[in-house]
Amino acid sequence: KAGVTQTPRYLIKTRGQQVTLSCSPISGHRSVSWYQQTPGQGLQFLFEYFSETQRNKGNFPGRFSGRQFSNSRSEMNVSTLELGDSALYLCASSRTGGGSYNSPLHFGNGTRLTVT
Amino acid sequence: DQQVKQNSPSLSVQEGRISILNCDYTNSMFDYFLWYKKYPAEGPTFLISISSIKDKNEDGRFTVFLNKSAKHLSLHIVPSQPGDSAVYFCAAHRETSGSRLTFGEGTQLTVNP
């Protein structure tokens with residue numbers, strides 16, 4: 001069974017530009033969530049999509065947005081990039097959504113975004 | 001507001017000995033606590049979890065202990081192996097919050113041969 005796939009693995013962008021990251025969940029998983037990891041900050045929740053609807057949202061500015069398609073694939077968009085957006089962006093999928101033992105999150109290997 | 005904290009950024013132990021990773025939380029509304037392991041250049045991998053109504057859960061070499069009165073949990077790895085060297089994240093979850101996990105900052109475990 002293929003795992004969570006994120007593309008691209010690495011991205012270098014300039015301040016002010018916008019970027020789109022892609023995530024393909026595990027087959028059969030309907031929940032896709034996005035996390036940002038920066039040094040010393042752990043993983044910060046961005047948002048979750050379930051059946052094409054945003055179900056939860058973290059405390060990030062409106063420049064961060066996402067969407068989910070009917071095949072459960074998801075994209076995350078960041079507009080007007082700032083230097084502080086440099087981070088590892090992780091996508092996770094689960095069958096029904098939820099972090100409990102019976103539906104744990106399965107993470108992809110992330111997209112490393114560098115903003116210069 | 002850091003609701004989940006891992007106060008030790010790093011831990012070094014000898015192969016065969018016990019590794020104890022600690023985590024503190026402030027929100028008593030969490031329903032589950034989870035541990036994830038992360039190798040460089042890979043995403044976190046689910047390791048073990050515990051419900052807030054339990055005080056211990058065991059899976060092979062890994063045991064998680066929960067002390068609700070102290071709002072503290074710990075992960076014990078016995079015996080520790082060099083392949084266990086990774087960053088370990090503690091996370092907390094509320095059933096009403098979908099896939100939203102609140103993570104600690106992580107602890108880098110190094111197991112020396």
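Computed from a predicted structure; not experimentally measured.

(A) Geometry of the overall build of chain B. A count of helices and strands for chain B gives 0 helices and 11 strands. Ordered by position from the N terminus, the helices and strands of chain B form the series β-β-β-β-β-β-β-β-β-β-β. Principal-axis analysis of the C-alpha atoms places the extent of chain B at approximately 40 × 30 × 20 Å. Expressed as a percentage of its 113 residues, the buried residues of chain B come to 46%. Long-range pairs, those at least 24 residues apart, make up 54% of the contacts in chain B with a sequence separation of at least 6. Total accessible area on chain B is roughly 5,300 Å²; 48% of this is exposed by carbon and sulfur atoms. The centroid of the 11 positive side-chain charges in chain B is displaced by 3 Å from the centroid of its 11 negative side-chain charges.

(B) Representation of the interface of chain A and chain B in the model. Facing the 28 residues of chain A at the interface are 20 residues of chain B. Of the roughly 1,800 Å² buried between chain A and chain B, counting both surfaces, carbon and sulfur atoms make up 57%. Applying the counting criterion to the chain A and chain B interface returns 9 residue pairs in polar contact (both at pLDDT 80 or more). Listed by contribution, the elements that provide at least two residues to the side of chain A that touches chain B are β4 (31-38), β5 (42-50), β6 (53-57) and β9 (87-94) of chain A. Its residues placed into classes, the side of chain A that touches chain B shows 9 nonpolar, 15 polar and 4 charged.

(C) Quick look at the pattern of salt bridges. For the structure shown, the criterion picks out 8 salt bridges over all chains. Of the charged contacts, one joins arginine 55 of chain A and glutamate 48 of chain A as a salt bridge, the two residues approaching to 2.7 Å between their closest N and O atoms. Overall, glutamate 48 of chain A belongs to the buried group, its relative accessible area being 0%. In this structure, lysine 5 of chain B and glutamate 105 of chain B form a salt bridge, with 3.0 Å as the shortest nitrogen-oxygen distance. One end of the pair, lysine 5 of chain B, is in strand β1 (residues 4-5); the other, glutamate 105 of chain B, is in the loop between β10 (101-103) and β11 (107-112), with 100 residues separating them in the sequence. Exposure remark for lysine 5 of chain B: the relative accessible area of 33% places this residue in the partly exposed category. Salt bridges sharing common partners tie together Arg63, Glu82 and Asp85 of chain A.

(D) Focus on the sheet that holds strand β3 (residues 19-24) of chain A. All names here are of chain A. Ordered by their spatial adjacency, 4 strands build an open sheet running β1-β3-β8-β7, and the pairing between neighbours is antiparallel. At either end of the open sheet lies a strand with only one pairing partner, and these are β1 (5-7) and β7 (64-68). Neighbour-to-neighbour, the strand axes of the sheet open up by a mean angle of 20°, direction not taken into account. Across 5 bridges, β7 lies against strand β8 (residues 74-78) in antiparallel orientation.

Calculation criteria
- Residues numbered from 1 in each chain as written.
- Chains lettered and ligands numbered in written order.
- Predicted model: local features only at pLDDT ≥ 70, side-chain atom pairs only at ≥ 80, totals over all residues.
- Heavy atoms only, no water.
- Helix = DSSP H or I, 4+ residues; strand = E, 2+ residues; numbered from the N terminus.
- Buried < 20%, exposed > 50% of the residue type's maximum accessible area, 1.4 Å probe, protein only.
- Contact = heavy atoms within 4.5 Å.
- Areas by Shrake-Rupley, 256 points an atom, 1.4 Å probe, with all protein chains shown as cover.
- Lys, Arg positive; Asp, Glu negative; His and termini not counted.
- Charge placed at Lys NZ, Arg CZ, Asp CG, Glu CD.
- Buried area = accessible area lost by both parts, 1.4 Å probe.
- Polar contact = N/O pair within 3.5 Å; in protein donor to acceptor, adjacent residues only side chain to side chain.
- Nonpolar A, V, L, I, M, F, W, Y, C, P; charged D, E, K, R; others polar.
- Salt bridge = Lys/Arg side-chain N within 4 Å of Asp/Glu carboxyl O.
- Pairing = 2+ DSSP bridges.
- Axes fitted to C-alpha atoms, helices over the stretch in contact; angles between N-to-C directions.

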